[in-house]
Structures are given as C-alpha cells and as structure tokens.
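Single-letter residue listing:
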Amino acid sequence: MAVFSMHKGTHDSFCYLCQNGGCALACDLCPRVLCSEHIEQFKTIPAQDRASVRFVCPACHVIIGRSRTSSTSSLRDAIQRAPGAPYRAFYIEVNKKFTPYFANPVNLTTEYHISQSARVNTSPIFILHLRLECLEEEGSVASVFFHALKPYFANEDTIHLHYADVPFNLNTDSDAEKHRRLITTVVEPLSHQGKARVLVFVYTHSHDVHGTLYYGTNLASQTVDNWFDVLFPPDVRDVLRVHDTSLFMLCCGALVNTTQSYQALKGNCATLQIRRLIAFEASHFQAALTVSFFLGYAQKFLIENVTFADMHLADLLWQSLSLGRHSRVLLMQYNPEDPSPRVAVSEYRWIHKGVRPWGYRLPIQCPSCHGLFTFKNKEELRGAIVSRCKTRDCTYSQTFNRPDDTVVLKRPEGAWMKLGRE
Ligand SMILES: [Zn+2]
Ligand SMILES: [Zn+2]
Ligand SMILES: [Zn+2]
Ligand SMILES: [Zn+2]
C-alpha cells in the first residue's frame with residue numbers, strides 16, 4: 001500500500017504516536033498509521049512519487065531491526081537488521097529491490113504518547129449489554145465502556161462501534177420467547193460481517209447460596225446452565241462463536257464461589273467459545289468499583305491492542321486499586337484454535353502485608369478481645385504472615401500461608417513526581 005492511499009478496514013484510523021485522526025501515512029507492513037507532519041522530509045516527496053513510495057512505521061522499523069529471522073517480503077529486507085539502526089521511513093522499488101527513498105535518515109518530530117509499539121486499533125467492536133431490567137443502564141460499566149471508546153470511532157462507519165443494551169426481566173415462557181426474538185435481532189448484524197471484537201457484559205444478581213443467576217427481578221434460575229440456555233439462545237451462540245468474544249460477568253461472587261455454579265460457568269465458557277471471561281469474587285459485588293478497571297481495559301487491550309498477557313494485566317490491575325481492595329478477579333481463557341482446547345483459569349488477588357496478607361481479608365474486629373483494627377502483621381518462616389492482636393493481654397493470632405502455585409506480578413515501572421512551581 002502506497003503512501004496516501006489509506007484503506008478503511010485494513011488500517012487504523014488514528015495516528016499511533018499522537019492519537020490524532022486525519023493521518024496520511026499508512027504503514028505497508030502493519031495496520032498502524034502516522035500523521036505526515038511527524039516526518040519532516042515527507043513534504044519534499046514530489047506528488048508524482050507519492051503513489052509508488054512505500055512507508056514503514058517506526059514500530060515496524062524497531063521490531064524488524066531487532067529481529068534475527070530473515071523474511072519473505074522484499075520490503076522487510078530493505079530494513080537494516082541492527083538495533084538502533086537509523087530510521088529511513090520511505091522506500092522505493094528499483095529493479096525489484098527496495099532501497100531507502102532518501103539518501104539520509106529522516107527526522108521524526110514527535111514523542112510517544114502511548115507505549116512504543118501500541119496501536120490505535122479501530123477494527124469493529126460490538127458491545128452487548130445483557131442487563132437485569134431493574135439495574136440502571138445509565139452509568140453502568142457497559143455504558144461507560146462504550147462512551148469511553150466512542151471518540152476513537154468518530155470518523156468511522158457506525159457499524160465499527162456498536163452498542164446494544166438488552167434489558168431483561170423474564171418471568172414466564174413468553175417473556176423468554178420475547179427475549180429470544182429480541183437478542184437474535186440485535187446480534188443479527190454480526191452474522192454478515194468479518195471477525196469483530198464482541199464484548200458481552202452480563203449485569204444481573206446471583207443467588208447468595210447457590211450462585212445461580214437471576215432471570216427476573218425476583219426469579220433466580222435453577223442452574224447456571226439453565227440461565228445461559230435462556231439468555232443465549234442457539235442462534236446467538238452460533239454468532240458469538242464466530243467472533244472474538246469476551247464475557248464480563250458483573251454479578252455477586254456466589255457465582256464463582258459455589259462449586260457447582262463455578263463449574264457450570266467454566267462449561268459455558270467452553271461451549272460458547274469465549275476467549276476471555278472475567279468474573280468477580282466479592283460476595284457483595286459493586287460494579288461501580290470496577291469502572292476504572294474496565295476503562296483501562298478498553299484503552300489497553302482494545303485500542304492500544306497490547307497482547308493479553310500478565311505483564312499488561314498487572315499494569316491494569318495496579319491502576320485499579322479500588323477493585324483490588326474490593327474483589328479478587330477470575331479470568332477464564334479458552335482458545336478454540338488450540339489442538340485440544342480447554343478453559344484455563346487464573347485468579348488475581350490484591351496482596352498487602354499489612355491489610356491483605358496473601359490476599360486474605362483480615363477481620364475488622366479481633367474475635368477474642370473485640371477491639372477494632374488491632375492487628376499487626378509480620379512475615380515469618382517460608383513467607384507465612386502472622387497477624388497478632390496488639391491489645392494488651394489479648395493473645396489472639398492468625399497465620400496466613402502463601403498459597404501454592406502463586407506468582408507475585410511485578411509492579412510496572414514509572415512513578416509520579418511532584419514539583420513545586422512559582
Ligand atoms: Zn508498521
Ligand atoms: Zn500523529
Ligand atoms: Zn447482587
Ligand atoms: Zn484481641
């Protein structure tokens with residue numbers, strides 16, 4: 001693809017360095033785009049050359065410069081394989097070989113606003129909000145999530161960012177049938193378009209004891225499987241399986257804290273082929289405390305398109321400390337393309353030596369002397385943390401052992417600094 005011939009759908013809409021729109025340079029090797037102003041020499045390329053000049057973005061230049069493997073693309077071969085190689089940006093084909101267009105390296109005149117290899121990924125996103133009718137739509141996680149993504153899709157066709165709020169209050173078979181017809185129509189556009197990123201938010205209550213989910217304001221399902229069968233009718237399942245679907249369960253922790261419901265949730269993750277499923281453990285779950293987590297999620301994983309790996313998840317969790325204090329986070333992942341696909345589950349807990357030893361909640365009140373906030377914690381043998389009541393004459397203590405198979409996720413680098421100003 002030559003400079004100035006941006007193709008919607010194959011390339012991002014916003015400059016990956018400054019996040020502005022109206023970019024003119026589309027990378028020939030990846031979906032990133034760049035404002036032409038960022039490269040000084042661009043304006044000196046005569047109009048008649050612009051159609052044949054090829055452009056390689058700074059991210060591709062760095063990635064290819066560091067790689068050892070030889071490539072099959074002749075444009076890639078033109079890039080100097082050396083870390084720190086001077087940036088050339090533009091290439092031209094001469095006798096079936098690409099060479100830099102300019103005799104000298106080009107000058108890049110901007111800084112990184114986001115991480116160096118991020119993107120501004122505006123490929124199609126479809127948000128489906130399955131919400132128990134009595135729970136507010138306004139200010140809900142799904143609605144805030146949608147509005148935060150909107151600015152990135154301002155110039156796109158409306159189909160690229162789609163939000164559907166589907167409230168339900170199903171008390172009879174005919175309610176269920178109405179829901180089936182409604183949701184089938186809602187997801188219908190997804191059945192005739194290329195792969196989209198589908199995000200399903202489920203916002204309902206779960207039964208305190210059984211962890212089953214609510215169909216209606218006062219009606220819990222018999223089992224989690226029943227609930228999924230009614231809320232996701234067969235046609236909807238077929239559609240979800242085709243796309244890159246994530247499912248966010250915004251409901252009280254009983255869903256994942258009772259064995260039967262937890263297993264059923266895992267089972268549905270596999271049958272619906274959900275790539276990523278996130279659920280919360282807090283027994284009295286507050287969706288509002290997850291807003292910063294989901295806003296960060298939208299920015300990082302959907303827009304910047306960073307890989308869904310612990311390193312990036314750790315960064316996101318650090319930004320969501322209100323969530324850390326409130327709830328553990330469960331992540332289920334399923335990849336239908338694996339040779340033998342299975343649901344892999346990880347749990348993320350916020351730990352703090354003083355107040356959350358190995359992620360366990362300390363009681364506010366000492367069970368022995370009834371004093372409030374009286375515990376002092378100390379790390380002892382093999383990482384065990386011992387909480388002792390500091391009230392005079394009280395000997396109460398409790399030991400928290402480090403659970404097996406745990407990794408403490410590294411805190412991302414960087415810090416805020418405060419400066420005094422006149
Ligand atoms: Zn590129
Ligand atoms: Zn820019
Ligand atoms: Zn609830
Ligand atoms: Zn005590």
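Residues numbered from 1 in each chain as written. Chains lettered and ligands numbered in written order. Predicted model: local features only at pLDDT ≥ 70, side-chain atom pairs only at ≥ 80, totals over all residues. Heavy atoms only, no water.

Q: Residue-level account of the sheet that holds strand E17 (residues 397-400), with values.
A: Judged by pairing direction, the sheet is antiparallel, and its three strands sit side by side in the order E15-E16-E17 without closing on themselves. Looking along the sheet, the strands with just one partner apiece sit at the ends: strand E15 (375-379) and E17. Within the sheet, the average angular offset between the axes of one strand and its neighbour, ignoring direction, is 20 degrees. Examined bridge by bridge, E15 and strand E16 (residues 385-389) share five bridges and lie antiparallel to one another. What sits directly across from Lys 378, in E16, is Val 386. (Pairing = 2+ DSSP bridges. Helix = DSSP H or I, 4+ residues; strand = E, 2+ residues; numbered from the N terminus. Axes fitted to C-alpha atoms, helices over the stretch in contact; angles between N-to-C directions.)

Q: Help me get a handle on helix H4 (residues 173-187), residues and values and all.
A: Taking 1.5 Å of rise per residue, the 15 residues of H4 would be expected to cover 21 Å, and the 21 Å separating its terminal C-alpha atoms lies within 8% of that figure. Taken together, the buried positions of H4 are occupied by Asp 175, His 179, Ile 183, Thr 184, Val 186 and Val 187. When H4 is viewed along its axis, its buried side chains cluster within an angular range of 160 degrees and face the same direction. Relative to its buried face, H4 has exposed residues pointing more than 90 degrees away, namely Asp 173, Lys 178 and Thr 185. Residues of H4 that are buried in the fold lie against strand E6 (125-132), strand E7 (161-168), helix H5 (224-231) and helix H6 (234-242). (Expected span 1.5 Å × (residues − 1). Buried < 20%, exposed > 50% of the residue type's maximum accessible area, 1.4 Å probe, protein only. Arc of directions from axis to C-beta. Contact = heavy atoms within 4.5 Å.)

Q: Tell me about the coordination of the zinc ion (ligand 1), residues and numbers included.
A: Looking at the zinc ion (ligand 1), one finds its protein donor set to be Cys 27 (SG), Cys 30 (SG), Cys 57 (SG) and Cys 60 (SG), positioned 2.3 Å from the metal centre. Considered as a linear motif, the donors of the zinc ion (ligand 1) on their single chain read C-x2-C-x26-C-x2-C. Classification of Cys 57 as buried rests on a relative accessible area of 1%. (Donors = N, O, S within 2.8 Å, 3.2 Å for Na, K, Ca; no water.)

Q: Explain a positive patch on the surface to me, using residue names and the numbers behind them.
A: Positive charge collects at one region of the surface, where Lys 353, Lys 376, Lys 378 and Lys 390 lie side by side. One can find Lys 378 in strand E15. (Patch = residues over 30% accessible without salt bridge, like charges linked within 9 Å, V, L, I, M, F, W, Y side chains within 5 Å. Areas by Shrake-Rupley, 256 points an atom, 1.4 Å probe, with all protein chains shown as cover. Salt bridge = Lys/Arg side-chain N within 4 Å of Asp/Glu carboxyl O. Lys, Arg positive; Asp, Glu negative; His and termini not counted. Charge placed at Lys NZ, Arg CZ, Asp CG, Glu CD.)

Q: Describe the environment of His 192, and please don't skip the residues or the numbers.
A: Residue placement: His 192 occurs in the loop between H4 and strand E8 (197-203). In this structure the C-alpha to C-alpha distance between His 192 and Val 239, which are 47 residues apart in sequence, comes to 9.5 Å. Within the structure, the side chain of His 192 is placed 3.3 Å from the side chain of Glu 188, a separation counted as a polar contact. (Polar contact = N/O pair within 3.5 Å; in protein donor to acceptor, adjacent residues only side chain to side chain.)

Q: Kindly report on the coordination of the zinc ion (ligand 3), identifying the contributing residues and their values.
A: Around the zinc ion (ligand 3), the protein contributes the donor atoms His 205 (ND1) and Cys 252 (SG), at 2.6 to 2.8 Å from the metal centre. You can see His 205 sitting in the loop between E8 and strand E9 (214-216) and its partner Cys 252 sitting in the loop between strand E11 (244-250) and helix H7 (254-257), a full 47 residues away along the chain. A relative accessible area of 33% places His 205 in the partly exposed class. What makes Cys 252 buried here is its relative accessible area of 16%.

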